Structure formats: C-alpha cells, structure tokens
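What the coordinates show
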Amino acid sequence: MSEFLQFFLTGVTTGAIYGLIALGFNVLYNATDLINFAQGEWVMLGGLGFYTLSVALGWPLVAAFAIAVVLVAVLGLCLERIALRPVKKPEPITLIIITVGASIFLRGVAMRLWGKDPYSVPALTASVKPVRVLGAALMPQSLWILGIVVALMTGLHLFAKRTLSGKAMEACAIHRHAAWILGIPSERMVLLAFGLSAALGAVGGVIIAPITMCSYDMGTMLGLKGFCAAMLGGLGSHWGAALGGVVLGVLESLGVGYFSSGIKDAIAFLVLLIILMVRPSGLLGASAVKRF
Amino acid sequence: MGFEKRLWSTAALAVGVVAVGFWVHNPYTLQLLIVIGIHTLLALGLNMLMGYAGQISLGHAAFFGLGAYGTGILTTHFQWSPLAALPVVLGAACLVGYLIGRPVLRLSGYYLAMGTLGLGIIAHVIFREWDTYTGGASGLVGIPPLALGFITVELGRSGFYTVWATVVLFLVLCARVVDSRVGWALRALGDSEGGAAASGIHTAHFKAVMFSFSALMAALAGYLYAHLLGFISPSSFDFLMSIRMVTMVVIGGMASIWGSLLGASVITLLPEWLHVFCDYEMMVYGLILMVVMIFLPQGLTRGVLDAVQRARSRAHQL
C-alpha cells in the first residue's frame, strides 16, 4: 500500500509540472490558436537560467527565480515579434515549422551556452526532511511544486475571470477580429499570451530542476508530455490541463514502478494516441469544436 | 513541367550520374555523394507527403531507422541474405506506415505534427532500449554488404551507382505520380482537405497511402545506409535526423521534386563546408527553418526562380 502511495505521490508531483506546461500551451492556444513547439524550450531555459543565477552567480533563490522567469517571458515576446509576426500567410504547416525551428535554435544556443552536461539545482528549501504520509515519503520540493502550481492555477483563473485584461484576452480568443473592432488591442493581447505562456513554462523549469537535474535537451520530452497532458484534459481547458497532467504523471509513475523504467516515455505517447483517436476533445473539453 | 522537358532533365541527371561515377576517384567524394543520394531519397519521400499532400511528419527518422534496423537485425541475428531482407523491410515499412498513418492522419495540423513527433521519439527509444536485438546505445555492428550476384556493393563506385540509380528511378517515379490523377488528388488534398473530400477524393485513404509510400522510401534509404556503412546506431535516427529531413524539404522547396535533390545536397554539404558546424548544427538548422519559412515559404528553388522572374519582367518593362 505504501509502495503504491509512493508511486502515486511521485506521479502527482511530476504530473503537476506536466499540468503547468500544458497550461502554457493552453494560454497561447486560447489566444492565438497556435501550438508552440518551443514550449518545452521555455522549461529548459527556465531551469538552466535559474541554475546560472542561483548557483553560478550566487543570487538569492527568490531573486534568481523571478529574474529567470522574467527573462524567459521576454524571450517569448521576442519569438512572437521576430519569428511569427512577419509571416504573411499563417498556415498551420508554416507556423509549425517556424516554432520547431525556434525550438531547435534555442536548444542549439543552450548547448553552446551551458554545454551538454546536466546541472543540479538546489531545492527551494534544502535542508528539510521529507514529510511522511502513511509510510510514503513526500519531499518538501514536491510540496513547493504542488503549492506553486495550485497558486498559479488560481491566479490564472482569477486573471481570466476578474480582470479587464483577462476578459479582453478571452474575447480575443473567441474572435480576434471582433474583439479588435470593439477596441481591444488584440496584438497586445497576443503578445501578452506569448509572454504569459513562456513565463509559465519557465516556472515549470525552475521548480522541476531540483528533482530531475536540467540540461539543454530536457525540453523536447517535457514539451511533448505537456502537450499530452493538455490533450488529455482537453486543449484549451485550464482545469483540464491540471487534471490531464496529474493523470499522465500518475500513469507514468505507476508504469515505471510496476513494469520498467524503459517504457516511461512510451506511456505518454500511447496516452496521446489513444486520446487523439477516442476523444480528441479530451476529458474536460467540450465535445464540439467550440471551446467556451 | 511538360513531359518532354522532364524526360530531358531526367536524362541529363542520368548522364551526369554516369559521368560523375566515371570521373570521380576520390573515395571521400564518392562517400559524400552516396550520402547525398541517400538524403535525396529521404527528402523526396517526405516531400511527397509534406509538399504535395500537405501532411507534416516530424518523426520520419522512425522509418529511416526501421529500414536500417530491420535489415540489420535480419542479416546479423538471423543470417538472412540482404536481398531476402529487402522485400521484408520495405513491406514492413509500408504496412507500418499505413497502419499508423490511417489513424494518425485523421488528425491535422498541430495534432498530426505532435503525433508524428511522438512516434519518432518512441521509435528512437525502441532502437536504444531493445538492446538484445538493436545493440542498444552502442549500435549494431557487422551488417554485411549488399551482394548483387557477383558484385559486392560497398562504399565506393559500386555503392555510388546503386544509390544514384535508385535516386533516378524514384525521381522519375515521383514525377510520374505527381503528374498523374493521384498527384492532382494529392495537391487538392494539400490545398484544402474539405474541398478535396467534397469533390469525391477519398482523403483518409490517399493520405495513408502517401504516408506509407514515403515510409517505404525512407526505409529503402535506411536499408542502403545500413548495408553501405555496415554499422548503425540509434543517434542516426533521432529527433534531430527527423528535423534534418524536414529542413531538406523546406530548403529545397515543398512540392518540388527537384528541390529535394537541392535540399539534400545543401544540408549534406553544409557541415563539410563549415568546419565549426558541429557545435552550431542545431542553431543553423533552427535558423534555416525559421528564415526560409518566414521569407521564402516556397523554399529556395521557388524563391530563386520567382526572384529571377521578377527581375526579368522588370528588365522587360524598362
């Protein structure tokens, strides 16, 4: 029982990260109908940036955390301005190739800057002993992860429903041109969505780094799993992203625990394929194309 | 392109291939040309899928690896002759391509790209982890060379002729397909899937057939690669290889048969020309993909031709 609980808790922790990455996909998808294949790269840059600021430069953790996230968000804005805005005919295949190009480019830059070795990053609270829950150990970092993810989810929900900018963004998501006619600066909303989704990715990178170590090539897999989580929950649905992330994380953890660690990455893909075939709208997504 | 013009360009290529094979003695150059030929096969197959049918695949290295590992495992572990392995490998690629293509290609755009990306990663995981057969991360060694009767095909002139004869054959075949009714159906599909379906094209079937055809070409390239090099390792069939293939298609120009040849040549020669390339490989590919898609979405071939045409009409006006 405690073994199962251990796998379950581990799964929930990594699942929260997948959920956070899925949230990043969602924020952008809702505002622009775009899937950013460089989403995993924001995670990688967040983690490595946090490493450089906190370990290499010795900044306090909170400052390093904040600055790393801000820097990645700025990169997100640059991506929109430099690579996506100038496209004349924004067809999916063109945009896919551009964001894939951006992801490869960012990975190449990271490899030059940080090399190929993985780095270990300190936990947010280092010296605290693991918490015991019915015989299973829960690392303090896991609590941090869960807390931060829940806080971000709540914040994002309040932002979307209670603030003017949030409502404006939602309006843009429903119909960009109509929103523009009503006087909503839709271009700025798209930029905001890019910055926000990059920042969410970076937070994911910073909080996962102490568990997995971080390296220049961690992004692809995390991005793919974040996408799986988003699909599983229903692309565009924020609560779906969280649910999808946790379900995927737990399935993966149980698979690794009871079968073998070799199949870990296959699980996410199988889940993705099954979801794509059986219920493309995901668990919480509306069954029709309409998202709201 | 008219039939006659196409006949001439194919004949010119064939003559060129024979002439190059006759004149080039340097083993290094021959090896480079062999790699270009293999890459052309890969780019051509992917271009049929991406350029004409408008379906993206970010995991095509999976089929390249299927061809290479398929024949590698059959010939080393089960002592099959390479010729006996050929139909099995190609058949398997077709079948896998169709079986995977049929459900996966129901998706479109982003979903399809993610699905194929995942497929490529899973294939790479299998090549790396299933070490009893694939040799794991250190790779599979001792793959026998291809024996055709009394000739052994190796890296060198025999390999060069074999690879390039295959390339010419498939260039002709693809040109025929593109000009046929199937080709028109494909282009309709690439332009507007709904429109194609409304005009009576069985889109799901066509897409899956095209997917399995391009899988077959990739597997054939893998087959040649495995037998010519005699050694394969999972790193040759990873995500970056899939990206390299997409880059070749994008550079050469989507929906351009001859562009595949150009794209494959550029992407193969680039690292040879730039000595520092190795460290910057990913950055360069990423930049190429972004810049070409932003400024020349039709690829280099079309972009250059258009520029020439514009210059010409401007000169005409003056």
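Residues numbered from 1 in each chain as written. Chains lettered and ligands numbered in written order. Predicted model: local features only at pLDDT ≥ 70, side-chain atom pairs only at ≥ 80, totals over all residues. Heavy atoms only, no water.

Identification of chain B as Amino acid/amide ABC transporter membrane protein 2 (HAAT family) from Desulfosoma caldarium is taken from an unreviewed UniProt entry. For the record of chain B, the UniProt heading Subcellular location (unreviewed entry) holds the text "Cell membrane". (UniProt positions renumbered as here; feature names shortened; annotations may be inferred.)

Chain A has the name Amino acid/amide ABC transporter membrane protein 1 (HAAT family) in an unreviewed UniProt entry, where Desulfosoma caldarium is given as its organism. Chain A has a UniProt comment under Subcellular location (unreviewed entry) that states "Cell membrane". Heading Sequence similarities (unreviewed entry) of the UniProt record for chain A holds this comment: "Belongs to the binding-protein-dependent transport system permease family. LivHM subfamily."

Residue and element names in this part refer to chain B. Here S214 is to be found in helix α10 (residues 203-229). Within polar-contact distance, the side chain of S214 engages the side chain of H60 at 2.9 Å. Setting aside its immediate chain neighbours within four residues, S214 contacts G45, L46, L49 and H60. (Helix = DSSP H or I, 4+ residues; strand = E, 2+ residues; numbered from the N terminus. Polar contact = N/O pair within 3.5 Å; in protein donor to acceptor, adjacent residues only side chain to side chain. Contact = heavy atoms within 4.5 Å.)

Turning our eyes to something else, we now look at empty space enclosed by the protein. Tallied over the entire structure, the rule returns two cavities of 30 Å³ or more. Considering only enclosed or pocket space, the largest cavity measures out at about 120 Å³ in volume. If you go around the largest cavity, you meet 14 residues; those closest to its centre are F37(A), E41(A), S103(A), T220(A) and L117(B). Mapped onto the lining of the largest cavity, the elements with two or more residues apiece are α2 (39-56), α4 (92-114) and α9 (219-233) of chain A together with α5 (109-129) of chain B. The computed volume of the second largest cavity comes to approximately 30 Å³. Lining the second largest cavity are R6(B), T10(B), L171(B), V172(B), A175(B), I257(B) and W258(B). Only α1 (3-23), α7 (157-179) and α12 (257-273) of chain B provide two or more residues apiece to the lining of the second largest cavity. (1 Å grid on protein atoms, 1.4 Å probe; cavity = no way out; pocket = protein on both sides within 12 Å on 5 of 7 lines; lining within 4 Å. Points joined across faces, edges and corners; volume = space filled by probe spheres on them.)

Moving on, we get to the packing of aromatic side chains. In this structure the tally under the stated criterion is 17 aromatic pairs over all chains. Considering the side-chain rings of F4(A) and F8(A), the 6.3 Å spacing of their centres and the 20° angle between planes classify their relative orientation as stacked. With F4(A) and F8(A) both in helix α1 (residues 2-32), this residue pair falls four residues apart, about one helical turn. Ring centres of F127(B) and F237(B) lie 6.0 Å apart, and the angle between their planes is 70°; this geometry places the pair in the edge-to-face category. Note that F127(B) is positioned in helix α5 and F237(B) in the loop between β4 (231-232) and α11 (239-252), a separation of 110 residues in sequence. An aromatic cluster of three or more residues is present, and its members are F64(B), Y69(B), F127(B), Y225(B) and F237(B). (Phe/Tyr/Trp six-rings, centres within 6.5 Å; stacked < 30°, edge-to-face > 60°.)

With that out of the way, let us pick up the UniProt feature "transmembrane region" (unreviewed entry) in chain A. Residue and element names in this part refer to chain A. Mapped onto this numbering, the UniProt entry gives "transmembrane region" (unreviewed entry) at residues 7-29, 49-80, 92-114, 134-159, 190-213, 239-259 and 266-289. Helix and strand shares over residues 7-29 are 100% and 0% respectively, and the end C-alpha atoms of the span are 32 Å apart. Within the segment residues 92-114, helix and strand shares are 100% and 0% respectively, and the terminal C-alpha atoms sit 32 Å apart.

The end-to-end C-alpha separation of helix α5 (residues 140-162) of chain A is 32 Å, in line with the 33 Å expected for 23 residues at 1.5 Å each. Those residues of α5(A) lying buried are P140(A), Q141(A), S142(A), I145(A), I148(A), V149(A), M153(A), L156(A) and A160(A). (Expected span 1.5 Å × (residues − 1). Buried < 20%, exposed > 50% of the residue type's maximum accessible area, 1.4 Å probe, protein only.)

All right, on to the packing of helix α6 (residues 164-174) of chain A against helix α8 (residues 186-212) of chain A then. When two helices pack together, their arrangement is given by the angle between the helix axes and by the axis-to-axis distance. Residue and element names in this part refer to chain A. Two numbers describe how α6 lies on α8: the axes approach to 10 Å, and their chain directions differ by 105°. As the angle between them shows, α6 and α8 are arranged roughly perpendicular. Within the contact between the two elements, α6 uses S165, A168, M169 and C172 and α8 uses S186, M189, L192, A193 and L196. Here the contact of α6 with α8 is composed, by residue class, of seven nonpolar, two polar and no charged. (Axes fitted to C-alpha atoms, helices over the stretch in contact; angles between N-to-C directions. Parallel < 35°, antiparallel > 145°, perpendicular 65-115°, else oblique. Nonpolar A, V, L, I, M, F, W, Y, C, P; charged D, E, K, R; others polar.)

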